[in-house]
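Take a look at the letters that make up each chain.
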Amino acid sequence: MTLRLILVRHAKSSWDDPLQDDHDRVLNKRGQRAAPAIASWLNQHGHVPAEVVSSTARRTLETWDRMAPLFPDTTLMRREPALYHAAPEQMLEVLRHCAASPVLMLGHNPGIGEFAARLLAAPPDHRDFARYPTCATLVAEFEGRDWADIDFGTGSAVDFIVPRELQEAE
């Protein structure tokens with residue numbers, strides 16, 4: 001059996017208020033456009049999540065809120081405090097407790113970029129993969145019957161995209 005993971009870094013957030021707590025930052029206009037664009041691309045390519053697990057930061061939740069209308073209402077969404085600025089090991093632990101496939105996980109750098117790199121047996125041939133910019137999205141597959149069996153270095157990249165590529169295509 002094949003399991004599929006969609007790994008999304010939150011969309012571009014605003015730094016307009018320097019006194020605002022990091023956890024509470026909202027998306028800027030670019031991020032507000034990027035999230036539904038990525039969701040539309042995922043949908044067009046048949047990468048539709050059955051389960052979503054997201055950091056509790058406002059920018060990750062807003063990213064999902066802007067993506068969700070492009071997916072079925074049956075998608076299960078769970079807010080996971082452990083994903084806020086999580087290290088790759090913590091992200092793997094959260095993934096191992098997921099039940100459905102595909103799983104869409106929303107998180108933050110540097111953890112999500114490191115997590116993506118460590119999950120794969122080989123990185124995708126993409127100039128932006130190593131820096132994993134905002135709203136970068138990796139689709140990866142794993143052989144296994146349960147997320148509990150997944151480990152680092154066992155995934156295969158299916159797709160990788162950044163929002164800029166979608167804007168260039170318009």
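The model shown is predicted, which means the values in this text are computed figures rather than measured ones.

A few points about the state of the cysteines
Then, in step 1: Counting across every chain of the model gives zero disulfides.
Then, in step 2: Left without a disulfide partner, Cys135 is nearest to the cysteine sulfur of Cys98, which lies 19 Å away.

Considering the pattern of salt bridges
Then, in step 1: Enumeration over the complete set of coordinates arrives at nine salt bridges.
Then, in step 2: The partner of Glu51 in a salt bridge is Arg78, and the shortest N-O contact between them spans 3.8 Å. Placement of the pair is Glu51 in strand E2 (residues 51-54) and Arg78 in strand E3 (residues 76-79), with a sequence separation of 27 residues.
Then, in step 3: For Glu51, a relative accessible area of 4% gives the class buried.
Then, in step 4: In this structure, Glu62 and Arg66 form a salt bridge, with 3.3 Å as the shortest nitrogen-oxygen distance. With Glu62 and Arg66 both in helix H2 (residues 58-67) and four residues apart, this pair spans about one turn of that helix.
Then, in step 5: Its relative accessible area of 15% is what places Glu62 among the buried residues.
Then, in step 6: Relative accessible area serves as the criterion here: at 32%, Arg66 is assigned to the partly exposed category.
Then, in step 7: Here the residues in one salt-bridge network are Arg127, Asp128, Arg131 and Arg164, joined through shared partners.

Considering H2
Then, in step 1: Among the 10 residues in H2, seven count as buried, and that is most of the element.
Then, in step 2: Among all positions in H2, only Arg59, Thr60, Leu61, Glu62, Thr63, Trp64 and Met67 are buried.
Then, in step 3: Considering only its buried residues, H2 is in contact with strand E1 (2-9), helix H1 (29-44), E2, E3 and strand E4 (103-107).

Rules used in this analysis
- Residues numbered from 1 in each chain as written.
- Predicted model: local features only at pLDDT ≥ 70, side-chain atom pairs only at ≥ 80, totals over all residues.
- Heavy atoms only, no water.
- Disulfide = S-S within 2.5 Å.
- Salt bridge = Lys/Arg side-chain N within 4 Å of Asp/Glu carboxyl O.
- Helix = DSSP H or I, 4+ residues; strand = E, 2+ residues; numbered from the N terminus.
- Buried < 20%, exposed > 50% of the residue type's maximum accessible area, 1.4 Å probe, protein only.
- Contact = heavy atoms within 4.5 Å.

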